[in-house]
Amino acid sequence: MPPESSGSGREVELPTRDWRDDARFAAQFVRAPVATASVWPSSTALARAVADAALGPARAGDGPLVVELGAGSGAFTVELARRLAGRGRHLAVELNPALAHRLAERLPSVEVVPADVAELPTLLAVRGLPSTGGVDVVVSGLGWSATRPGRDDSLLPVVAATLARGGVFVQFGYTFTRWAAPARALERELRELFGEMSTTATVWRNLPPAIVHRAAHPVRT
Ligand SMILES: C[S@@+](CC[C@H](N)C(=O)[O-])C[C@H]1O[C@@H](n2cnc3c(N)ncnc32)[C@H](O)[C@@H]1O
């Protein structure tokens, strides 16, 4: 594969998007529709909006610890890796072993973790990382079945606890479901758990159109 420009002046070897990986993802939706949560992987336009929210121009240079949840076939992973260009550390957690295995093959610079995000603090600890307060950026490609917003077993407080003081959490959602109860619970919970919360305009170039929530500065109780 030819090297892609990272946009930072450094060159990194990254695969370009391949329709066969998109097709593999769609096949996993047929196998496990609830966990996979979408029929088709996110678009490059949505991946860019997610990476803008997660890393931004100011964050790219300082070697952050980035943890991605529900990496799937790597739509967000590739864009994040491209911007990180080898700086910092990038973990990508994915429950589906077939998707995780393929992602690890395609992106050797990313630490692919074939596991359940419910185990996030343990997954960090076994890698010698702090299980609380040490992650700079968490990017979630998860659906509601894994984030469980508004429920007693919501993943969001766990994520907030893993983040460093100025840490950032990014979660995408579909515009057409924005007024559904779990989506409203998610926004409410993010406002409770973080000092700052914003949402992008609709990214129309995604199927279906989507929004990106960015929550920063987890509130410590
Ligand atoms: C909506 S897809 C998003 C995939 C990719 N980030 C994208 O935007 O194209 C959700 C992904 O989360 C994974 N997933 C679901 N539950 C999970 C869990 N408990 N732990 C880790 N990954 C999970 C699914 O297998 C699927 O690949």
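The rules behind the values
Residues numbered from 1 in each chain as written. Predicted model: local features only at pLDDT ≥ 70, side-chain atom pairs only at ≥ 80, totals over all residues. Helix = DSSP H or I, 4+ residues; strand = E, 2+ residues; numbered from the N terminus. Rg over C-alpha atoms; globule rule 2.2 N^0.38 Å. Contact = placed C-beta atoms within 7 Å. UniProt positions renumbered as here; feature names shortened; annotations may be inferred. Core = buried A, V, L, I, M, F, W, Y, C linked by C-beta atoms within 7 Å. Buried ≥ 20, exposed ≤ 12 C-beta atoms within 10 Å, placed from the backbone. Near = placed C-beta within 6 Å. Nonpolar A, V, L, I, M, F, W, Y, C, P; charged D, E, K, R; others polar. Pairing = 2+ DSSP bridges. Axes fitted to C-alpha atoms, helices over the stretch in contact; angles between N-to-C directions. Arc of directions from axis to C-beta. Right-handed = clockwise from strand over helix to strand, strands pointing away. Parallel < 35°, antiparallel > 145°, perpendicular 65-115°, else oblique. Left-handed = near helix turned anticlockwise from the far one by under 90°.

Here's the deal with the overall build of the protein chain
Argument step 1. Counting secondary structure elements, the protein chain contains ten helices and nine strands.
Argument step 2. Against the 2.2 N^0.38 benchmark of 17 Å for 221 residues, the protein chain shows a C-alpha radius of gyration of 16 Å, consistent with a compact globule.
Argument step 3. The dimensions of the protein chain, computed from C-alpha atoms along their principal axes, are 45 × 40 × 35 Å.
Argument step 4. Across the protein chain, every contact between residues at least 6 apart in sequence was considered, and the portion connecting residues at least 24 apart equals 67%.

Here we look at the UniProt feature "domain: Methyltransferase" (unreviewed entry) in the protein chain
Argument step 1. Those residues carrying the UniProt feature "domain: Methyltransferase" (unreviewed entry) are residues 66-167 in this numbering.
Argument step 2. In the segment residues 66-167, helix accounts for 36% and strand for 23%; the C-alpha atoms at its two ends are 10 Å apart.

Observations concerning the environment of Ala 53
Argument step 1. You can see Ala 53 is positioned in helix 3 (residues 44-54).
Argument step 2. It is 9.4 Å that separates the C-alpha atoms of Ala 53 and Thr 199, two residues lying 146 residues apart in sequence.
Argument step 3. Setting aside residues no more than four positions away along its own chain, Ala 53 makes contact with Val 170, Thr 200, Val 212 and Arg 214.

Concerning the nonpolar core
Argument step 1. In this structure, Val 50, Ala 54, Val 138, Val 139 and Phe 169 are the most contacted members of the largest nonpolar core, which totals 57 residues.
Argument step 2. Broken down by element, this core gets its largest block of residues, seven residues, from helix 3.
Argument step 3. Apart from the residues within four sequence positions on either side, Val 139 is in contact with Val 50, Ala 54, Val 66, Glu 68, Phe 76, Leu 80 and Val 170.

Comments concerning the site of the ligand
Argument step 1. Around the ligand, a shell composed of 23 residues is seen, among which Pro 41, Ser 42, Gly 70, Gly 72 and Gly 141 lie nearest.
Argument step 2. Looking at the shell around the ligand, the elements with two or more residues in it are helix 2 (33-36) and helix 5 (75-84).
Argument step 3. For the shell around the ligand, a count of residues per class yields 13 nonpolar, eight polar and two charged.

Section: the sheet that holds strand 3 (residues 65-69)
Argument step 1. With mixed pairing, seven strands are arranged side by side in an open sheet as 5-4-3-6-7-9-8. Looking at strand neighbours, the two that pair on one side only are strand 5 (111-113) and strand 8 (194-199), the edges of this open sheet. Mean inter-strand twist for the sheet, computed between neighbouring axes without regard to direction, equals 15 degrees.
Argument step 2. The pairing of strand 3 with strand 4 (residues 89-93) spans five bridges and is classified as parallel. Bridge pairing links Leu 65 to Arg 89 in strand 4.
Argument step 3. Against the sheet, helix 3 engages strand 6 (135-140), strand 7 (163-174) and strand 9 (210-218), with an angle of about 160 degrees to strand 7.
Argument step 4. Helix-sheet contacts for helix 5 involve strand 3, strand 4 and strand 6, and the interaxial angle to strand 3 is about 170 degrees.

Description of helix 6 (residues 97-106)
Argument step 1. Of all the positions in helix 6, only Leu 99, Arg 102 and Leu 103 are classed as buried. Each buried residue of helix 6 lies within a common arc of 100 degrees when the element is viewed along its axis, so the set occupies one face. In this structure, helix 6 carries Pro 97 and Glu 105 as exposed residues pointing more than 90 degrees from its buried face.
Argument step 2. Buried residues along helix 6 sit in contact with helix 1 (19-31), helix 5, strand 4 and strand 5.

What to know about the pairing of strand 4
Argument step 1. The buried fraction of strand 4 amounts to four of the five residues, a majority that puts the element mostly inside the structure.
Argument step 2. Crossover strand 3 to strand 4 through helix 5 is right-handed.
Argument step 3. By the bridge criterion, three bridges tie strand 4 to strand 5 in an arrangement that is parallel. Bridge assignment links Val 93 to a residue of strand 5, and that residue is Val 113.
Argument step 4. Between strand 4 and its parallel partner strand 5, the chain crosses via helix 6, and the hand of that crossover is right-handed.

Some points on the packing of helix 1 against helix 6
Argument step 1. As a packed pair, helix 1 and helix 6 sit with axes 10 Å apart at the nearest point and diverge in direction by 165 degrees. Relative to helix 6, the element helix 1 lies roughly antiparallel. Between helix 1 and helix 6 lies a crossing whose hand is left-handed. Residue-level contacts link Asp 21, Arg 24, Phe 25 and Gln 28 of helix 1 to Ala 98, Leu 99 and Arg 102 of helix 6.
Argument step 2. Its residues assigned to classes, the contact of helix 1 with helix 6 shows three nonpolar, one polar and three charged.

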